[in-house]
Amino acid sequence: MSNDAAGRQTRFIVLLAALVALGPLSIDGYLPGLPDLAGDLRAGAAATQLTITACLAGLAIGQLIAGPLSDTYGRRRPLLAGLALYTIASALCAVAPDVRTLIGLRLVQGIGGAFGIVIANAMVRDRTSGTRTARLFSALTLITGLAPVFAPVLGGQLLRVTAWPGIFVSLAVLGAVMLAASAAGLPETRSSASRRPLPAVVGQLLSDRVFTGYVLANGLVFAAMFAYISGSPFVLQEIHGLSPQQYSAVFAVNAAGLIAAAQISGRLVARAGARVLLLAGLLGATAGGTTVLGAVLARAPLPVLLIGLFVLVSSVGLVMPNAAAQALADHGGHAGSAAALLGFSQFMIGGALAPLAGAGGATDALPMGIIVAVLPALALLTLGVLTRSNRVIPRSA
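Residues numbered from 1 in each chain as written. Predicted model: local features only at pLDDT ≥ 70, side-chain atom pairs only at ≥ 80, totals over all residues. Heavy atoms only, no water.

Draft legend 1. Geometry of unusual backbone geometry. In this model, arginine 42 sits at a positive phi of 55 degrees, which is unusual for a non-glycine residue. With respect to the helices, strands and loops of the structure, arginine 42 is situated in the loop between helix H2 (34–41) and helix H3 (45–73). Residue arginine 42 is classed as exposed on the basis of its relative accessible area, which comes to 81%. Although it is not a glycine, arginine 299 adopts a positive phi angle of roughly 50 degrees. Structurally, arginine 299 is set in the loop between helix H11 (274–298) and helix H12 (302–328). The class of arginine 299 is exposed, set by a relative accessible area of 77%. (Helix = DSSP H or I, 4+ residues; strand = E, 2+ residues; numbered from the N terminus. Buried < 20%, exposed > 50% of the residue type's maximum accessible area, 1.4 Å probe, protein only.)

Draft legend 2. Expanded view of helix H13 (residues 335–353). Taking 1.5 Å as the rise per residue, H13 with 19 residues should run 27 Å; its terminal C-alpha atoms sit 27 Å apart, in good agreement. When you tally the buried positions in H13, you get 14 out of 19 residues, the bulk of the element. (Expected span 1.5 Å × (residues − 1).)

Draft legend 3. Up close: the packing of H11 against helix H14 (residues 366–386). For the pair H11 and H14, interaxial distance at closest approach is 8 Å and the crossing angle is 155 degrees. With respect to H14, the element H11 is oriented roughly antiparallel. As for the relative orientation of H11 and H14, their crossing is left-handed in sense. Tallied by class, the residues present in the contact of H11 with H14 amount to 19 nonpolar, four polar and one charged. (Axes fitted to C-alpha atoms, helices over the stretch in contact; angles between N-to-C directions. Parallel < 35°, antiparallel > 145°, perpendicular 65-115°, else oblique. Left-handed = near helix turned anticlockwise from the far one by under 90°. Nonpolar A, V, L, I, M, F, W, Y, C, P; charged D, E, K, R; others polar.)

This is how it looks when you write it as structure tokens:
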């Protein structure tokens, strides 16, 4: 590969990574400002939390809109439209007069941000195949792991020089920069000949047993990680007495494990194959979740629980890129719609099941233990039943 070609490839990957990061930044970047936001808008805690839920819902719904549109009209035009919507909604969030308006704008912001996520994934499939797809998804998983960790930190630093509306102004500026950079630097990756009239492909994709198996396995493991994210602050701080700083350190170590696993996957996929690494990730997640449940039931020392959580979260770094590569392998003709269903399942399954981790309140870790043990095992079973006859991505691809 020439230096010019390598440079173009690097810019392409960096832009895709930035698009993928928009979602996590939008969800987590303003979390440090929630108390001030609630006070300024005279909103209760429940209404304030709905601003997070609305963004998650937008990210899920927006992917179902963006995927089919990008299969029909190409990747660039829907992407630029979504980024413009995201930029406008972010700017309006900064001047929302009340919490109800902010909730509605956060929904729109999430929809706009979803275009970047799903179209970035579709562009990966347009430009690569086989193990190259899995390697590139591993690189994007690095961003998926880093963004939620650093977003609240960046938001907290911004609050040193501005109030909470300044965070949304910053997101609007970021959206505008991404809009300009995408318009100038992202080529159209879907040829005119491969575009189709707006497809009714959801039914076709869901009737594909193998595709559904990979989507469900990915979504169930992602839901286990959501359950960890939502339940661990109470389990580790309220039950085990960790300070917020200690909890942050545990969270960062687990995120580092996820990132490391994703990068190891990218290096090994050409030799081991995406399906083998996916199975390894599912087995690891099941082992980690089972360890967590066992630690809770046996009232084991805290290090046993922490080891289980680390193995669980790290294993997600093997599952996500390889499940995505396998799911999209046979659906290059409508990669946008396939990527949309993959992303939608993550947010919807995670959003539906993760709250169950808090069913025991702040003093009972058993619900979280059950959720993180059962979901990866169910993902492994689902994959085995639905994808038994699947063609494995060639290692040399």
